[in-house]
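If you want the building blocks of each chain, they are given just below.
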Amino acid sequence: MSFNNVSKRIEKIKFALLSPEEIRKMSQVRVITPDTYDDDGYPIEKGLMDLHMGVIEPGLKCATCGGRVDECPGHFGHIELAMPVVHIGFVKEIKNMLDSACKSCGRIKLTDEEIETYKKQLSAINYETEDPEIIDLTLKKILDVAAQRVKCPHCGADSPKVILDKPTTFREGGIKITPKEIRERLEKIPDDDLIFYGLNKDAARPEWMVLTVLPVPPIDVRPSITLETGERSEDDLTHKLVDIIRISQRLRESRDNGSPQLIIEDLWDLLQYHITTYFDNQTAGIPPARHRSGRALKTLVQRLKGKEGRFRANLSGKRVNFSSRTVISPEPFLSINEVGIPEIAARELTVPVIINSFNIDKMKEWIKRGTSPRTPDGKYIAGVNYLIRPDGRRIKITDQNAEINSERADIGWTVERQMTEGDIVLFNRQPSLHRMSMMAHTVRVLPGMTFRFNLAVCTPYNADFDGDEMNLHVIQSEEARAEARIIMKVQEQILSPRFGGPIIGAIHDHITALFLLTHNNPLFSEEEFIHITSYLNIDKMPDPVIKDGKKYYHGRDIFSLILPEGINMKFKSHLCAGSKDKCEYENDPEDTYVVITNGKLIHGTIDDEAVGPFSGVIVDRIFRKFGPDAAAKFVDNVTRLAVGFLSFNGFSTGIKDYDIPADAIARIEEISNETIEKIDKLVEAFRAGQLQPMPGRSIEDTLEVEILGETGSVRDESGKIASSYLGLNDPSVIMARSGARAKMLNIAEVAGMVGQQSVRGGRLNRGYANRTLPHFKENDLGAYARGFIKSSYRAGLSPTEYFFHSIGGREGLVDIAVRTSRSGYMQRRLINAFEDLKVDPERRVEDTVGSIVQFKYGEDGIDPTRSDEGKTIDIDYIAYDELGDEQ
Amino acid sequence: MSKFNVLEHEIVPEHHLVPVEEEYKVLKMLNVTKENLPRISINDPAVKALEEIHGKLEPGRIIKIIRKSPTAGYYEYYRVIVKSVI
Ligand SMILES: [Mg+2]
Ligand SMILES: [Zn+2]
Ligand SMILES: [Zn+2]
């Protein structure tokens, strides 16, 4: 009889206890020998590997059902224990019953009236629908009443308090109650009382919680493995069962030939230990049972519990084939749509191809190549790893059998060929928080051992190259490939559904490069021009400027080479938005306002605002007007142009970026001293009680607010002084003002002053009694004592300042740690709630049964990805694009 | 203390009872069956408040809710009264 294809739908699950009779009834053999195999390697009869419990070796037949290895489902056996033993899983229940039941008559220690009222209360509960916690709580209350009572209301006997000595020893007045006695007491509990202990009288008897018979699981549950040396190694459960049988035997012998009570008790305790650890080897209060090697045994509970347990690792955990994972690194010469994969991965990952009349010749040729073919000049080409016959049999291709199999292969067979350039794959970085965390790329097989991709794609994956790893999945079906190409390719994901703008764009150095290329429209010699544009594929040269008989090219004309024809734009660059005050270039539209007319950059500086992720107005415009292909090409070219520029011009930054003249430093020193004095005066006024409280605040709060205002303005002031000496010829300032990296604030901290440190928006005030550090007097409210940092990073911090800075920095780290775990869980719950909602052709949002969630998607029926930052359409731009400036 | 009417609270959107004669029109406009309409419990405070005006409401009646929407300005939503929402 075969159980392999049993298919049933589970209607309900009922939990019950196995009675000793049931255990014996379902057992196929009583195991009495603590051995497994005889010297010939044949299972010993009535041993732990008895053939009645199933077979794991090919050739043998099950003694119970006659099935072979794959046919026999395995059958239980049993062990008759010499003495009863407490089941570790029911210690809590046993304790409850010993506490609340009468020692001599077995009835629950409640009066008849109490029994009547509580029974009424309990029979009102619907055990199938009520929250188990509430049922537990109700029962606990009732049991507590009974447990508090010493004298039995039924027979008048006294029951002394029972103490549980963890994990399995029960004591009454200091004397141990043996499991045998426990079992006898539990036997006395009448069926009618069971409802008070949360037991169903049709499903369980309390004495079954003390074991007299132990089921032995089928061999299939604890298969032995044969090591390469031919040595047999048994499963941890088998090891444990050997111990149990051995001790049980010795206990039986000692008891039968009248050994001293002490020896019997020791053996009994040992049996209890082995059975406890057989169930749960991490029971608190006893040392875990160990293997000879010292490794703790994995017993029943360990198989199920925790991350590595059956539930989380095997039932909820989903694993896939045709995937790989490795470290990532950047490669600016790849398109944003491509991913570079190492040869070793390309040879392992395969795509199934069904042989038909059109590809049969080609496929036969591929099979003939074997598993690691190369072109004559050593370049990678795809081979074939497996052939699958129409009957499902897999044939592994080796270099020896390639020729024969090539001839054998026919229409209808499937070839599992290796990756080749242009295959489409899914690429993913965890945590996968949004749709752009998993995008489709086309394959480029590259030397090296890492996955590589264009830097513009770092933002959607939130990747950097400090050791990040990513996953790659090879798509196996034609439909999935088509879908991936049409909707998952990187270029289709340039606009984010989160804010309706581009999430892919130039970052860091690439922004710096374009800034330097276009700011103030510099001239480049012909040689420079050729180098800068050498990575681009251009078909016409811009018009040169002739000077002293030599050809020169404008930076803006070079940038215009990569703009598509027909694009018209006008916008403010990041350069202007960067400074708080009136922009120094405000009156100079040439550098502040970017003007693009018919694909030519006329005015302005290209920076983060034009090509960066999140802003990227040019990328955005190209995508909307010319489509994903043009947008991808533009981003690719931006990368290539930037790399071309930087490899010729170079760009570096250093501590000298923050050098400011001595009188500027003196001036900052002066204003910070003034501030410290001001703060001292405020504190004095506060102590003298002259400080006027602000409306709605205490005097203490008023003082803090005033001081924070002072420290804030002095930081801004010093920043202003420092930046007035640092102009756009300063690399750090270029990075900040172009939006490549950092803010002007960070530069002010390095060159000018770090300023007040805070925790939860207030000055530092905790640490020692009434002071932050022992370096200060108690109740010192002055600037230095409460976390004001007068120094700049460049000058260096004093020890106390350094300590305060660390306190301020720690808050940020803690914040991030707390926030990520919380928002991660929140995100997970949202995803699980929304995962099966879909938008129907009428733009309604409905669930899988067709119930409506929204009558119009997003209440306005607009796809945020295609919207203009949430708005349906930008009329002003369309008018400008069509009519130009004369509207 | 006079009884508080939830419908008068600032952040509770407008609730209106759809007359039985008009239910057909509403369902046709939305192109849905009554079973697929979003639900509202008969015990919902807003339904209780409507019962103060219209008298006892039976499960199966349709309620029109007009609420402010950040994307669409105002948005009309419809719910059908049910005995209990699972
Ligand atoms: Mg990283
Ligand atoms: Zn069998
Ligand atoms: Zn009694």
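Residues numbered from 1 in each chain as written. Chains lettered and ligands numbered in written order. Predicted model: local features only at pLDDT ≥ 70, side-chain atom pairs only at ≥ 80, totals over all residues. Heavy atoms only, no water.

## Concerning the overall build of chain B
In step 1: Helix and strand counts for chain B stand at two helices and four strands.
In step 2: Listed by position from the N terminus, the elements making up chain B come as β-α-β-α-β-β.
In step 3: For a compact globule of 86 residues, the expected C-alpha radius of gyration is about 12 Å, and chain B comes in at 13 Å, within 12% of that figure.
In step 4: Once the C-alpha set of chain B is aligned to its principal axes, its extents read approximately 45 × 35 × 25 Å.
In step 5: Out of the 86 residues in chain B, the part that is buried amounts to 35%.
In step 6: Sequence-distant contacts in chain B: of pairs separated by 6 or more residues, those separated by 24 or more amount to 57%.
In step 7: Surface summary for chain B: the accessible area is close to 5900 Å², and the carbon and sulfur share equals 55%.
In step 8: Charge separation in chain B, taken as the distance between the mean sites of 13 positive and 12 negative side-chain charges, equals 5 Å. (Helix = DSSP H or I, 4+ residues; strand = E, 2+ residues; numbered from the N terminus. Rg over C-alpha atoms; globule rule 2.2 N^0.38 Å. Buried < 20%, exposed > 50% of the residue type's maximum accessible area, 1.4 Å probe, protein only. Contact = heavy atoms within 4.5 Å. Areas by Shrake-Rupley, 256 points an atom, 1.4 Å probe, with all protein chains shown as cover. Lys, Arg positive; Asp, Glu negative; His and termini not counted. Charge placed at Lys NZ, Arg CZ, Asp CG, Glu CD.)

## Details of the UniProt feature "binding site: Mg(2+)" (unreviewed entry) in chain A
Residues and elements named next belong to chain A.
In step 1: As annotated by UniProt and renumbered to match this structure, "binding site: Mg(2+)" (unreviewed entry) occupies Asp464, Asp466 and Asp468.
In step 2: Residue classification places aspartate 466 among the exposed residues on the basis of a relative accessible area of 63%.
In step 3: In this structure, aspartate 468 sits in the loop between α13 (458-461) and β17 (469-474).
In step 4: For aspartate 468, a relative accessible area of 12% corresponds to the buried category.
In step 5: Not counting residues up to four positions away in its chain, the partners in contact with aspartate 468 are Thr326, Val327, Ile328, Arg429, Asn462 and Ala463.
In step 6: At a separation of 3.2 Å, a polar atom in the side chain of aspartate 468 contacts the side chain of arginine 429. (UniProt positions renumbered as here; feature names shortened; annotations may be inferred. Polar contact = N/O pair within 3.5 Å; in protein donor to acceptor, adjacent residues only side chain to side chain.)

## Brief notes about the coordination of the zinc ion (ligand 3)
Residues and elements named next belong to chain A.
In step 1: Distances from the zinc ion (ligand 3) to its protein donors, Cys102 (SG), Cys105 (SG), Cys152 (SG) and Cys155 (SG), fall at 2.3 to 2.4 Å.
In step 2: One can describe the site at the zinc ion (ligand 3) as tetrahedral: its four donor atoms subtend angles covering 106 to 116° at the metal.
In step 3: Read in sequence order, the donor residues for the zinc ion (ligand 3) give the motif C-x2-C-x46-C-x2-C.
In step 4: Judged by its relative accessible area of 3%, cysteine 152 falls in the buried class.
In step 5: Residue cysteine 155 is classed as partly exposed on the basis of its relative accessible area, which comes to 39%. (Donors = N, O, S within 2.8 Å, 3.2 Å for Na, K, Ca; no water. Tetrahedral: all angles 85-135°; square planar, octahedral: opposite > 155°, others 65-115°.)

## Some words on the packing of helix α15 (residues 509-518) of chain A against helix α25 (residues 731-738) of chain A
All names here are of chain A.
In step 1: With their axes 10 Å apart at the nearest point, α15 and α25 run at an angle of 100° to one another. Taken as axis vectors, α15 and α25 run roughly perpendicular relative to one another. Mapping the contact onto sequence places Ile511, Thr512, Phe515 and Leu516 in α15 and Ile734, Met735 and Ser738 in α25. (Axes fitted to C-alpha atoms, helices over the stretch in contact; angles between N-to-C directions. Parallel < 35°, antiparallel > 145°, perpendicular 65-115°, else oblique.)

## Some points on the UniProt feature "binding site: Zn(2+) 1" (unreviewed entry) in chain A
Residues and elements named next belong to chain A.
In step 1: The positions UniProt marks with the feature "binding site: Zn(2+) 1" (unreviewed entry) are Cys62, Cys65, Cys72 and His75.
In step 2: As for its placement among the helices and strands, cysteine 62 is situated in the loop between α1 (20-26) and β1 (77-86).
In step 3: Overall, cysteine 62 belongs to the buried group, its relative accessible area being 5%.
In step 4: In contact with cysteine 62, not counting residues within four places along its chain, are Leu51, Gly54, Val55, Gly67, Cys72 and His75.
In step 5: Positionally, histidine 75 belongs in the loop between α1 and β1.
In step 6: The class of histidine 75 is buried, set by a relative accessible area of 12%.

## Structural notes on the interface of chain B and chain A
In step 1: Residue-level contacts link 16 residues of chain B with 13 residues of chain A.
In step 2: With both chains or domains summed, chain B and chain A bury close to 1100 Å², and 45% of this area falls on carbon and sulfur atoms.
In step 3: A salt bridge links A:Glu859 to B:Arg67; the shortest N-O distance between them is 3.9 Å.
In step 4: Of all the secondary-structure elements, those providing two or more residues to the side of chain B that touches chain A are β3 (62-69) and β4 (73-82) of chain B.
In step 5: In terms of residue count, β4(B) provides more of the side of chain B that touches chain A than any other element does, four residues in total.
In step 6: Its residues assigned to classes, the side of chain B that touches chain A shows eight nonpolar, four polar and four charged. (Buried area = accessible area lost by both parts, 1.4 Å probe. Salt bridge = Lys/Arg side-chain N within 4 Å of Asp/Glu carboxyl O. Nonpolar A, V, L, I, M, F, W, Y, C, P; charged D, E, K, R; others polar.)

## Considering the environment of B:Leu57
Residues and elements named next belong to chain B.
In step 1: Assignment of secondary structure puts leucine 57 in the loop between α2 (45-54) and β3.
In step 2: Given the relative accessible area of 2%, leucine 57 is considered buried.
In step 3: In this structure the C-alpha to C-alpha distance between leucine 57 and leucine 17, which are 40 residues apart in sequence, comes to 9.4 Å.
In step 4: Not counting chain neighbours up to four residues away, the residues in contact with leucine 57 comprise Leu17, Ile42, Val47, Leu50, Glu51 and Ile81.

## Examining the coordination of the magnesium ion (ligand 1)
Each pair of donors in an ideal four-coordinate tetrahedral metal site encloses 109.5 degrees, whereas pairs in an ideal six-coordinate octahedral site enclose 90 or 180 degrees.
In step 1: Bound to the magnesium ion (ligand 1) on the protein side are A:Asp464 (OD), A:Asp466 (OD) and A:Asp468 (OD), at distances that span 2.1 Å.
In step 2: The motif formed by the donor residues of the magnesium ion (ligand 1), counted along the single chain, is D-x1-D-x1-D.

## Digging into the sheet that holds strand β4 (residues 175-177) of chain A
Residues and elements named next belong to chain A.
In step 1: Pairing is antiparallel in the open sheet, where three strands are placed in the order β2-β3-β4. Here the strands that pair on one side only, and so sit at the sheet edges, are β2 (162-165) and β4. Across the sheet, the axes of successive neighbouring strands diverge by a mean angle of 40°, strand direction being ignored.
In step 2: In the packing of helix α5 (residues 179-188) onto the sheet, the strands contacted are β2, β3 (169-172) and β4, and the crossing angle to β4 comes to about 60°. (Pairing = 2+ DSSP bridges.)

## Overview of unusual backbone geometry
Residue and element names in this part refer to chain A.
In step 1: The omega torsion across lysine 166 and proline 167 is 5°, close enough to zero to call that bond cis.
In step 2: One can find proline 167 in the loop between β2 and β3.
In step 3: With an omega of 0°, the peptide bond running from glutamine 430 to proline 431 counts as cis.
In step 4: Structurally, proline 431 is set in the loop between β14 (424-428) and β15 (438-446).
In step 5: Phi is positive for asparagine 462, close to 55°, though the residue is something other than glycine.
In step 6: By secondary structure assignment, the location of asparagine 462 is in the loop between α13 and β17.
In step 7: With a relative accessible area of 58%, asparagine 462 lands in the exposed category.
In step 8: The backbone of asparagine 779 shows a phi angle near 60°, a positive value even though the residue is not glycine.
In step 9: Relative accessible area serves as the criterion here: at 40%, asparagine 779 is assigned to the partly exposed category.

## Observations regarding the packing of aromatic side chains
Residue and element names in this part refer to chain A.
In step 1: The tally for this structure, following the rule as stated, stands at 16 aromatic pairs over all chains.
In step 2: Where phenylalanine 427 meets phenylalanine 453, the ring centres are 5.7 Å apart and the plane angle is 75°; that geometry is what we call edge-to-face. Residue phenylalanine 427 is located in strand β14, and its partner phenylalanine 453 is located in strand β16 (residues 451-453); the two are separated by 26 residues in the primary sequence.
In step 3: A centroid spacing of 5.6 Å and a plane angle of 45° characterise the contact between phenylalanine 499 and phenylalanine 614, whose relative ring orientation is tilted. Pair noted here: phenylalanine 499 is in the loop between α14 (478-488) and α15 and phenylalanine 614 is in the loop between α20 (608-611) and α21 (617-626), with a separation of 115 residues, a long-range link.
In step 4: The class for phenylalanine 499 is partly exposed, based on a relative accessible area of 22%. (Phe/Tyr/Trp six-rings, centres within 6.5 Å; stacked < 30°, edge-to-face > 60°.)

## Examining the pairing of β15(A)
All names here are of chain A.
In step 1: With seven of nine residues buried, β15 lies mostly within the body of the structure.
In step 2: Bridge count for β14 against β15 is five bridges, and the pairing is antiparallel. Within β15, the position partnered with isoleucine 424 by the bridge is threonine 442.

## Side note on the sheet that holds strand β19 (residues 545-547) of chain A
All names here are of chain A.
In step 1: With antiparallel pairing, the three strands of this open sheet are ordered in space as β18-β20-β19. Pairing within the sheet leaves two strands with one partner each, and these edge strands are β18 (523-525) and β19. Strand after strand, the sheet turns through a mean of 45° between neighbouring axes, direction not considered.

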